[in-house]
Structures are given as C-alpha cells and as structure tokens.
Amino acid sequence: MKLLRIARYFSIAATLAMLISRPAFAEQGRPWLCRDKPVFSSNRSMKYQVTARPGRQWRIFFMQYSPDAAHDGFDIVNSRDIATRGDPVAGNLAAGRYFAVALYRGSGGHWICPDYTHDDRDSKLGELSNLCYGQDGPPCLVKLQVKPDHHLTTPPAR
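Fair warning: this is a prediction, and the values are worked out from it, not measured in the lab.

1. A closer look at the pattern of salt bridges
Next up, step 1: All told, the structure shown has one salt bridge when counted by the stated rule.
Next up, step 2: Of the charged contacts, one joins Arg59 and Asp81 as a salt bridge, the two residues approaching to 2.6 Å between their closest N and O atoms. With Arg59 in strand E3 (residues 58–65) and Asp81 in strand E4 (residues 74–82), the pair connects residues that are 22 residues apart, well separated along the chain.
Next up, step 3: When its relative accessible area of 43% is taken as the criterion, Asp81 is described as partly exposed.

Quick look at the structure:
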C-alpha cells in the first residue's frame, strides 16, 4: 500500500514536470524554420555588427547548412541577443558560409520570423553582407553588417 502511494506521487510529479517544461520549448527560437535565410560567405574570418531600433526584443542566429544537422539541415553556430537600446552587438565568425536570421519576441514569449529581409550588400565597398530585418516590412528594425576580418586567421568552419 505504501509502495503504491509513493509510485502515485512520483507519477504525479513526473506529469507535472512535463507540463511545466512544455512552455519552455515554445520559447526557444527556431530560425531554421524561417523562409528567408540570407546567406554570406568568406574564405577568411569575418566580423559582424548588429544593431536594433528600440522597442522590440530581437535575437540574431548564425547557421550553417549541414546534411546531418538536427534542425532541418541547419546547425546554429552562434546566436546573440540584440540590445534594445540601440547599442551595437559585435562578434567574429570563422571562415565559411552562413545563413543569418533575426527573430523577434512576440506576444506569449514566442520567437517570430520577420516578414521583411533585405540585403543592401552593394551599398558599401568591402562588405560581405548588409542585411536589414523588419517585422512586417520596412522600416529596417535590425541591421546586420558583415565584413572581412583581416586581423584574425581562423580555420574554415565545417
């Protein structure tokens, strides 16, 4: 009798733990599901800078295609929260081919793919990518600028 009571408590606790943990999965970004994945590449290391207009919470994801990847063929190799105060977020990427997606947090805590992505790559000499992301269209709410980093020598990403 005592053993049945203990088993029942454990099963109730396990069920509650599963129900409580489900919303956490919904809050994780899934950038590989976004339709528009702008691509940029370089055989040398790169540096990037991301800025966002104040107001909405954004996160940038850098992915690489890999047939063995768990997420529809994409491995997330880097992701960063973008400051909502407009302060730039900068970093480095190893040589390789990347897909970049900025997701914004919607109501209910879910990460949402932007409906607008534009590449102004031709606007400045020496840029590998100059991407713009918007919630439903222009204006540009997030800007990602990628340039070659001549100071770093990192091996190509695989």
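2. Side note on the confidence of the model for the chain
Close inspection of predicted coordinates is inappropriate in any region flagged by low pLDDT.
Next up, step 1: A residue-level look at the chain finds 73% of positions with pLDDT of 70 or above and a mean pLDDT of 76.
Next up, step 2: Segment residues 12–26: pLDDT under 50, and one contact once partners within four positions in sequence are set aside and those in other chains are kept.

3. Description of the state of the cysteines
Chemically, a disulfide is nothing more than a covalent bond linking the sulfur atoms of two cysteines.
Next up, step 1: In the structure shown here, the tally under the stated rule is one disulfide.
Next up, step 2: Paired by a disulfide, Cys132 and Cys140 hold their sulfur atoms 2.3 Å apart. Of the two residues, Cys132 and Cys140, both sit in the buried class.

4. Thoughts on the nonpolar core
Next up, step 1: Of all hydrophobic cores here, the largest spans 20 residues; its most connected members are Phe40, Trp58, Ile60, Phe62, Tyr133, Val142 and Leu144.
Next up, step 2: Sorting the residues of this core by element identifies strand E2 (46–52), E3, strand E6 (96–105), strand E9 (129–134) and strand E10 (142–148) as the ones contributing at least two each.

5. Some details on the sheet that holds E2
Next up, step 1: On the basis of which strands lie adjacent, the open sheet formed by five strands has the order E5-E2-E10-E9-E8 and antiparallel pairing. The strands lining the two open edges of the sheet, one partner per strand, are strand E5 (89–93) and strand E8 (116–119). Taking the axes of each pair of neighbouring strands and ignoring which way they run, one obtains an average angle of 20° across the sheet.
Next up, step 2: As paired strands, E2 and E10 are joined by seven bridges and run antiparallel to one another. Each residue of the ladder has a partner; that of Tyr48, found in E10, is Val146.

6. Comments concerning the packing of aromatic side chains
Next up, step 1: As enumerated under the stated definition, the model contains four aromatic pairs in all.
Next up, step 2: Ring geometry for Phe40 versus Tyr98: centroids 5.9 Å apart, planes at 20°, classification stacked. Note that Phe40 is positioned in strand E1 (residues 39–42) and Tyr98 in strand E6, a separation of 58 residues in sequence.
Next up, step 3: Note on Tyr48 and Phe62: the rings are 4.6 Å apart at their centroids and 45° apart in plane angle, and the pair reads as tilted. Separated by 14 residues along the polypeptide, Tyr48 in strand E2 and Phe62 in strand E3 bring together distant segments of the chain.
Next up, step 4: In this structure Phe62 comes out as buried when scored by relative accessible area, which is 0%.

7. Some points on the environment of Leu141
Next up, step 1: Among the secondary structure elements, Leu141 is positioned in the loop between E9 and E10.
Next up, step 2: With a relative accessible area of 21%, Leu141 lands in the partly exposed category.
Next up, step 3: Excluding residues that lie within four positions of it along the chain, Leu141 makes contacts with Thr51, Ala52, Arg53, Trp58, Tyr133, Gly134 and Gln135.

Reading the values: rules and limits
- Residues numbered from 1 in each chain as written.
- Predicted model: local features only at pLDDT ≥ 70, side-chain atom pairs only at ≥ 80, totals over all residues.
- Heavy atoms only, no water.
- Salt bridge = Lys/Arg side-chain N within 4 Å of Asp/Glu carboxyl O.
- Helix = DSSP H or I, 4+ residues; strand = E, 2+ residues; numbered from the N terminus.
- Buried < 20%, exposed > 50% of the residue type's maximum accessible area, 1.4 Å probe, protein only.
- pLDDT = per-residue confidence, 0-100.
- Contact = heavy atoms within 4.5 Å.
- Disulfide = S-S within 2.5 Å.
- Core = buried A, V, L, I, M, F, W, Y, C linked by side-chain atoms within 4.5 Å.
- Pairing = 2+ DSSP bridges.
- Axes fitted to C-alpha atoms, helices over the stretch in contact; angles between N-to-C directions.
- Phe/Tyr/Trp six-rings, centres within 6.5 Å; stacked < 30°, edge-to-face > 60°.

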